[in-house]
There are 2 protein chains.
Amino acid sequence: MRKPDRTSKKPLYQQISDEMERSIIHGEYPPGSFLPSERKLAERLEVNRSTVVQAYEELRARGIVESISGSGTMVSNHIWGIRPNLTPNWRQYVEGGTFAPNLPYLRRVREVLRERESIIDFASGELSADLFPNEAIKQIMRDIPFEAYLGYDDPSGYLPLRETLVGFLEERLRIRATEASILITSGSQQSLYLIMQCLLAPGDAVAIEDPSYYYSLSMFQSAGLRIFRLPVKENGIDPEDIMTLYRQHRIRMIFLNPNYQNPTGTFLHASKREALLKIAAELGIPIVEDDPFSLTSFDHSPPDTLKSIDTHGSVLYVGSLSKIAASGLRIGWLVAPQAVVQRLADARQQMDFGLSIVPQWLANKFLGSELFDQHSHFLRDSLSLKQHLMIRSLQQELPDQLSFTPVRGGLNIWCKIKDKLDDQKLLEEAIKRGVVFMPGTVFGSEPGHLRLSFARPSTDEIAPGISKLAQAFHALTQKC
Amino acid sequence: MRKPDRTSKKPLYQQISDEMERSIIHGEYPPGSFLPSERKLAERLEVNRSTVVQAYEELRARGIVESISGSGTMVSNHIWGIRPNLTPNWRQYVEGGTFAPNLPYLRRVREVLRERESIIDFASGELSADLFPNEAIKQIMRDIPFEAYLGYDDPSGYLPLRETLVGFLEERLRIRATEASILITSGSQQSLYLIMQCLLAPGDAVAIEDPSYYYSLSMFQSAGLRIFRLPVKENGIDPEDIMTLYRQHRIRMIFLNPNYQNPTGTFLHASKREALLKIAAELGIPIVEDDPFSLTSFDHSPPDTLKSIDTHGSVLYVGSLSKIAASGLRIGWLVAPQAVVQRLADARQQMDFGLSIVPQWLANKFLGSELFDQHSHFLRDSLSLKQHLMIRSLQQELPDQLSFTPVRGGLNIWCKIKDKLDDQKLLEEAIKRGVVFMPGTVFGSEPGHLRLSFARPSTDEIAPGISKLAQAFHALTQKC
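Values in this document were obtained by computation on a predicted structure and should not be read as measured data.

Cut-off values and rules
Residue positions are counted from 1 within each chain, in the order its sequence is given. Key to labels: chains lettered from A, ligands numbered from 1, both in the order written. Where totals are concerned, whole chains, interfaces and linings use all residues; where local detail is concerned, this predicted model gives features only for residues with pLDDT of at least 70, and gives and counts side-chain atom pairs only at 80 or more. Working from all heavy atoms in the structure, the side-chain values ignore hydrogens and water. We call two residues in contact whenever any of their non-hydrogen atoms come within 4.5 Å of each other. As a working definition, buried area equals the accessible area (1.4 Å probe) given up by two parts on being put together, with both sides summed. Salt-bridge detection follows one rule: a side-chain nitrogen of Lys or Arg within 4 Å of a carboxyl oxygen of Asp or Glu. Residues adjacent in sequence count toward polar contacts only when both atoms are side-chain atoms; beyond that, a polar contact is any pair of N or O atoms within 3.5 Å, and within protein one must be able to donate a hydrogen and the other to accept it. Going along the chain from the N terminus, every DSSP run of H or I of four or more residues is numbered as a helix, and every run of E of two or more is numbered as a strand. The copies were overlaid by least squares, fitting only the C-alpha atoms of residues that reach a pLDDT of 70 or more in each copy. For each residue, the accessible area found with a 1.4 Å probe, counting protein chains only, is set against the maximum for its type, and the residue is called buried under 20%, exposed over 50%, and partly exposed in between. Being paired, for any two strands, means DSSP has found at least two bridges between them. Only C-alpha atoms enter the line fits that serve as axes; for helices the fit covers just the stretch in contact. Angles between N-to-C directions range over 0 to 180 degrees. Roughly parallel means an angle under 35 degrees; roughly antiparallel means over 145; roughly perpendicular covers 65 to 115; every other angle is labelled oblique. Residue polarity follows a fixed list, in which Ala, Val, Leu, Ile, Met, Phe, Trp, Tyr, Cys and Pro are nonpolar, Asp, Glu, Lys and Arg are charged, and the others, Gly among them, are polar.

**Re the interface of chain B and chain A**
The interface of chain B with chain A comprises 103 residues on the first partner and 103 residues on the second. Of the roughly 9,000 Å² buried between chain B and chain A, counting both surfaces, carbon and sulfur atoms make up 55%. When residues of chain B are sorted by the area they lose upon contact with chain A, B:Tyr93, B:Leu150 and B:Gln350 head the list and together hold 10% of the total. The interface formed by chain B and chain A holds 2 salt bridges in total. Here B:Glu19 and A:Arg176 are joined by a salt bridge, their closest N and O atoms 2.4 Å apart. Inspection of the chain B/chain A interface yields 27 residue pairs in polar contact (both at pLDDT 80 or more). Considering each element in turn, the side of chain B that touches chain A owes the most residues, 9 residues, to helix α14 (residues 338-351) of chain B.

And the structure:
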């Protein structure tokens, strides 16, 4: 909303109420929705709260809004009634589309994170701001003249970046690719979206790990896919389970995160990998290898990927900069047969006409320079330290409540709650005390687990955060 | 494909044939597809052509490829036969998905443009490289320290950019919006994609202009929408036609490009706009106003938009930087009711997790500074000059063959062919002579029209290009 014009003859409160009425009539605040609190709006518009109070009174007088005691100022439900045929029924349109909304449980956590900046965040599987290569990026933009072509780019991505990735993937992950077998995407998310939309059809059966990050992806639901689970054991999934699922459901694709699996942190045992690839090849089923974490390996020697030992060409490899540099760059890559890359690139032209050249140019300079290795080294040591701090606190504060296995890479620790505890209640108790985590059920696991991300909080938030979590535990156990 | 290692003991030709065999087995060159020409590959790998010839002979010897006289080296069709159950049948997967491929006719033109860089391009409705704000962008990146947060961004886009757009849209186009009613997208393409995917359901009927840029958008087809036409007259569409279509087909949305319509360049007459909005409001049908060109107005005073006079809130306004700055930035905006913005932003999280922060930061600095106005002024004068040059050549070279109306904005002239001529044949004749244009049928118009873009070619290509076009005309008329 625009700040009122102090030079205008019209009183401030009236400017505000008029502007607000316009927004409401235009459906920006749908009937039943709440206007910003008087305090918040006053801050935003830089006026006295009393001015906003007056403006809202004006709107109440016009019968456009109502005060709901305790909850604030709500847009009257009969607004759309007033002009039944003068505005499209946006609510109907909005509820029409084919996209499944995100999990309410997930939304609850996101909500809390949006509203309470002070809260200690063990929920988001993301890097903290100080782990982003801020300086490197500033430096590249300042020192290297931007010279990329500003017209429409190659549908499969900025060629120099793809060429750099050929060397990058071979050198660091022993993955062999060609410029033609790489598609640059807006992070892993877009790689997965394109695969589901273009290579699978509604009704197709796919296999995912259980528990799995994918469980929370309404993407599968939006694509109309039938999901079947591959239980994740100590050493990852059992290849034989794929055979079983295939016999029962004719699964058409397998989605795996073999290295430092999200959320469990498990590493798919080497002995299982050959078998897995053999089975996939015999069944002719592609494996989508989602690999966000390999380059975070704390011991500085990234593990093998499935793609690097895939002799049959069954693996679609999905990587990105999100967890090894910065998610906001939205740079990811898919390594796939050329026919697949071309199909997906062609389909993406219909969705967004390809990626912006600017972050691709930036990523190319970053990955092609020493800046990446410097950053990478710092990142791995920081993550390793953060896990160390979290483990120490967990051992001190919750030795009898939680069991877990330390990870050698990734951003998360997967914890099992020893006693029977309602993890939903636990979450609410934790939120009350200023800390938030991801309940295991968000990943489709049975109740009694939680995922703690050590990457997101700052080093000095970790100990206090775990204490708050401990208090939440105690509060609950006392109640029981 | 990677350059061979000259330090290796393995002979170059063998390195190349091995690498190529690997690519073929991994499906990067599917059976029946052609390998790069020996000359091209030699250039790319920086080896003698004879080395590539030797490598291809090796592959022939192994029975992996065949020479097709005249057309080159083809991957043998029985390759997949060899390992029927050892590689996923990528072809099947690729042909499976739900996305409709782009128009073959359009592809033909794109193909020609990819293959023949020297060709004079009147086909692409894009700016020439010299019209992009290259210097401004270099300057911003060099001089302004990048300070935006590198984590996941607000789903509806970088807040500072949305705030800048509130002022930008009001000042330049008299469009009133709030940060909350703006969604930043990857160009108009993504705005349209999100609208179709999230606000409409398969089977829904929509109305588009005839002829129309939309006709060539397989997007509609991919979304399963039924398309009905609104004929574009001298002063744009007739609002009454909407009433008729609604009665017959219960259309749920209207897609319009009222200012300098693509391809006809028509301007929807002011007298028709009120009527249009009234009808849409009465029927409760949203109008999607696609407005790529308003800010190119040659007389430096952008015309009114539908959105600016929309008192009912029926208009979803779609704009972007693609035609007024640079398409490669992939920055666009949708102005819509907050409920719609939220729904679309939420759905996009599933597709690409939002836009990269870098181009959004850049666009904000650009739109918020004088750099944009300087660029904008230069752009409009250049476009106006380019149209002038094209019109002069057309009058000199094809006075009796083509009729057209000059435009006051946009990038294209819409020409009617006076005599009956097969425009497909004309296109091929033109391509032979080194010039390419868009046949009207690509936009769904009846045969006998062509769209000439004056924005794409350089000023000194325009006259020669039109002469080549004239030669194509003469060649054809002589034949008849």
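**What about the relation of the copies chain B and chain A?**
Each copy of the sequence occupies a distinct position, and chain B is placed on chain A by a rotation of 180° and an axial shift of 0.0 Å, giving an RMSD of 0.2 Å. With respect to symmetry, the two chain copies, as superposed, fit the operation of a two-fold axis. When C-alpha positions in chain B are compared against the rotation axis, the closest is assigned to B:Arg142, at 2.1 Å. A symmetric contact is evident, with 100% of the interface residues of chain B recurring at the interface of chain A.

**Structural notes on unusual backbone geometry**
Peptide bonds are trans in most cases, and residues, glycine excluded, mostly fall at negative phi. That bond from B:Asp210 to B:Pro211 is cis: its omega, 5°, falls within 30 degrees of zero. With respect to the element layout, B:Pro211 can be found in the loop between β5 (205-210) and α10 (218-222). In this structure, B:Pro263 follows B:Asn262 across a cis peptide bond, with omega equal to 15°. Mapped onto the elements of the fold, B:Pro263 is located in the loop between β7 (253-256) and α12 (270-283). With phi around 55°, A:Glu46 is a residue other than glycine that occupies positive phi space. Its location among the elements puts A:Glu46 in the loop between α2 (38-45) and α3 (49-61). Using a relative accessible area of 53% as the deciding quantity, one classes A:Glu46 as exposed.

**Examining the sheet that holds strand β12 (residues 412-417) of chain B**
All names here are of chain B. Spatial ordering of the open sheet is given by β11-β12-β15-β14, a layout of 4 strands whose pairing is antiparallel. Either end of the sheet is taken by a strand with one partner, and the two such strands are β11 (402-404) and β14 (438-439). Sheet topology note: the β11/β12 ladder contains 3 bridges and is antiparallel. The residue of β12 that forms the bridge with serine 403 is lysine 416. Here helix α16 (residues 370-397) sits on the sheet and contacts β11, β12 and β15 (449-453); the angle it forms with β12, its principal contact strand, is near 15°.

**Describing the sheet that holds strand β14 (residues 438-439) of chain A**
All names here are of chain A. Spatially, the 4 strands line up as an open sheet ordered β11-β12-β15-β14, and their pairing is antiparallel. Each of the sheet's edge strands pairs with one partner strand only, and the pair in question is β11 (402-404) and β14. Bridge analysis of strand β12 (residues 412-417) against strand β15 (residues 449-453) gives 5 bridges, and the strand direction is antiparallel. When the sheet's bridge partners are listed, isoleucine 413 is paired in β15 with leucine 452.

**Thoughts on the packing of helix α7 (residues 134-143) of chain B against helix α15 (residues 357-367) of chain B**
Residues and elements named next belong to chain B. The N-to-C vectors of α7 and α15 enclose an angle of 110°; their axes lie 10 Å apart at closest approach. In this view, α7 runs roughly perpendicular relative to α15, as classed from their interaxial angle. Contact residues: α7 offers Ala136, Ile137, Ile140 and Met141, while α15 offers Trp361, Leu362, Lys365 and Phe366. When the residues that make up the contact of α7 with α15 are grouped by side-chain class, the tally is 7 nonpolar, no polar and 1 charged.

**Observations concerning the pairing of strand β4 (residues 182-185) of chain B**
Residue and element names in this part refer to chain B. Side chains of β4 alternate between two faces, with Ile182 and Ile184 and Leu183 and Thr185 buried alike. Where β4 and strand β10 (residues 332-335) come together, 4 bridges link them in antiparallel fashion. Pairing of isoleucine 182 across the sheet is with valine 335, part of β10.

Taken by themselves, the reported measurements are silent on function.
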